[in-house]
Amino acid sequence: MSTHYAKPLARLVGEFEKLPGIGPKSAQRLAFHVLRIPEDEAHALAAAIVDVRTTIKYCRVCGNFTDQDTCFICTDPRRDQSLMCIVAEARDLIAMEKTNEFRGVYHVLQGVISPMEGVGPDRLRIAELQDRLSGGIVREVILATNPTVEGDTTAMYLARNIIKPLDPSIKITRIAHGMPAGGDLDYADQATLISALEWRRELT
Amino acid sequence: MAQYNVTGIVLRRVPYGETDNIITLYTRERGRVSAIAKGARKPISRLAGACETLTCGRYNLAGGKSLDIVTQAEVKDAFPSLRKDLSRLAGAQYLAEALNHFVVEEDAHPDLFTLLRAGLLLMERADDPQTAVRWYELRLLELAGYGPDLCSCVICGETVPRDNASQTDIYALSVANGGALCTDHANPNGYEDHAALTFDALDYLQHLNAHGLEHIRAVAKIPSPSEATAGLARMALRRTIRWRIDGDLRSAPFMDSLLSPGRPPDETSPHQSTVA
């Protein structure tokens, strides 16, 4: 903790420095910003931080963040319970929700298999997934992990070692990979173009 | 800011900040190099594909203050078949992690680059991916200066196996002495560093060891040995690697669970920690 600041200010700078991507300079800037904002805004910020830590927990069904026992998606009767989208993180669920296209339910793994980092299947919410799939309600599972080595490893592991042995009648699909909207074919790499060709669709 | 071009394979990719990746490349020209690929996690990034783990590419790097910066990148081989087979993809990750533990920053060793590329090609094409991994381990140990002597006993110098050898003879690989032990000196039950080898397992390792970097087509066609032979060969080389890097490779348990699901439980040492 720097001795150039008054003690409470040094404490705040120190706390900001612990945040991801925040260095000493940014921490100082944020702390000085807090000193400039009205007192009620500072209280609101502090209360929001405390509130999120005390009320937010994982949904007992899907693993999404929620302030209830079960999240708003899992309790929504309009959701198609037979269609499940598996994502790695809660932020991926939010990205899917923003599309307004998916009307099924989710399962958040809370990570991906990353053998090189020592993250194996036992560290993910796979037991909970098995419980949900063994209910016989889910008829299709969409594997929506990122098209990275870790994401592909996780998707293949779930398909081959978990879902198929559990219930071979469940349809297993993977989100399409290929050219992004606004992408440039000239700059696309070999793997992306191979995926784009493999996942091509007939124009009608 | 000095710029330079290298041909390399991405050993590791770690997300950094909002959209960046820090990648560890093993390059032909400079050995291991770490660099930041700015914006590589954006969907339309021109660096994204080339900065993915297990991708071979041509990279233009600019010297930065603490980390070099990837300014341009072009994929040469993304090994797309690996992405369709879980066991082979797990094996490929093991190859990359293993090499990463035997090298240091900016120490060029072009043969190691050639080996990694050959290893990834083999993981795509080899008839038996487990055999490809064993061959890669032998070559990696050799290029790192730790290649075991598999043709003669490291204690008495006698050729192994003897001309009149029996199929039931028990040999060993002495992890500490870096080579084979004849039937007289092998004592797998008495010495912790003696990894037991049957006649078949020793023959299998000798056969693999006779294939250099230029023989990858032949390695790709080597059939899988019996489960017992494969298990002993795996354990002997795994223990040798553990001895050399003073820890276990993190990706080994996952690969083993897929490539050799019936493996015996004695695969990791309780005395040594996982290498960070």
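If you're wondering where the values come from, they're calculated on a predicted model, not measured in any experiment.

Participant: Explanation requested: the overall build of chain B in the structure shown.
Facilitator: Counting secondary structure elements, chain B contains seven helices and eight strands. The C-alpha atoms of chain B give 20 Å as radius of gyration, which agrees with the globular expectation for 276 residues (19 Å, within 12%). Projecting the C-alpha coordinates of chain B onto the three principal axes gives extents of approximately 65 × 35 × 35 Å. A total of 276 residues make up chain B; the buried ones form 54% of that total. Sequence-distant contacts, at least 24 apart, represent 65% of the contacts inside chain B between residues at least 6 apart.

Participant: Explain the sheet that holds strand S5 (residues 140-143) of chain A to me, please; I cannot follow it from the model alone.
Facilitator: Residue and element names in this part refer to chain A. Spatial ordering of the open sheet is given by S4-S3-S5-S6, a layout of four strands whose pairing is parallel. The sheet is open, and its two borders are formed by strand S4 (104-108) and strand S6 (171-174), each paired with just one other strand. Each strand of the sheet is rotated relative to its neighbour by a mean of 25 degrees, with strand direction disregarded. Sheet topology note: the S5/S6 ladder contains four bridges and is parallel. Directly across from Glu-140, in S6, lies its bridge partner Lys-171. Strand contacts of helix H4 (residues 90-98): strand S3 (80-87) and S4, with the helix running at about 160 degrees to S4, the strand carrying the most contacts. Seen against the sheet, helix H6 (residues 149-166) touches S3, S5 and S6 and runs at an angle of roughly 175 degrees to S6.

Participant: Please clarify how the packing of helix H5 (residues 126-133) of chain A against H6 of chain A should be interpreted in this entry.
Facilitator: The description of two helices packed together rests on the angle between their axes and the distance between the axes. All names here are of chain A. The N-to-C vectors of H5 and H6 enclose an angle of 35 degrees; their axes lie 10 Å apart at closest approach. Crossing hand, H5 versus H6: right-handed. Packed against H5, whose contacting residues are Ile-126, Leu-129, Gln-130 and Leu-133, the element H6 presents Tyr-157, Leu-158, Ile-162, Ile-163 and Leu-166 at the interface. Here the contact of H5 with H6 is composed, by residue class, of eight nonpolar, one polar and no charged.

Participant: Explain unusual backbone geometry to me, please; I cannot follow it from the model alone.
Facilitator: Glycine aside, the phi torsion of most residues is negative, and most peptide linkages are trans. Between Val-160 of chain B and the following residue, Pro-161 of chain B, the backbone shows a cis peptide bond with an omega angle of -10 degrees. Checked against the element boundaries, Pro-161 of chain B lands in the loop between helix H3 (129-143) and strand S6 (170-174). In the Ramachandran plot, Asn-100 of chain A falls in the positive-phi region, its phi being about 60 degrees despite a non-glycine side chain. Along the polypeptide, Asn-100 of chain A turns up in the loop between H4 and S4. The backbone of Leu-54 of chain B sits at a positive phi, close to 65 degrees, despite the residue not being glycine. Turning to its location among the elements, Leu-54 of chain B is positioned in the loop between strand S3 (31-37) and strand S4 (56-62). Taking the relative accessible area as the measure of exposure, Leu-54 of chain B reaches 4% and is therefore buried.

Cut-off values and rules
- Residues numbered from 1 in each chain as written.
- Chains lettered and ligands numbered in written order.
- Predicted model: local features only at pLDDT ≥ 70, side-chain atom pairs only at ≥ 80, totals over all residues.
- Heavy atoms only, no water.
- Helix = DSSP H or I, 4+ residues; strand = E, 2+ residues; numbered from the N terminus.
- Rg over C-alpha atoms; globule rule 2.2 N^0.38 Å.
- Buried < 20%, exposed > 50% of the residue type's maximum accessible area, 1.4 Å probe, protein only.
- Contact = heavy atoms within 4.5 Å.
- Pairing = 2+ DSSP bridges.
- Axes fitted to C-alpha atoms, helices over the stretch in contact; angles between N-to-C directions.
- Left-handed = near helix turned anticlockwise from the far one by under 90°.
- Nonpolar A, V, L, I, M, F, W, Y, C, P; charged D, E, K, R; others polar.

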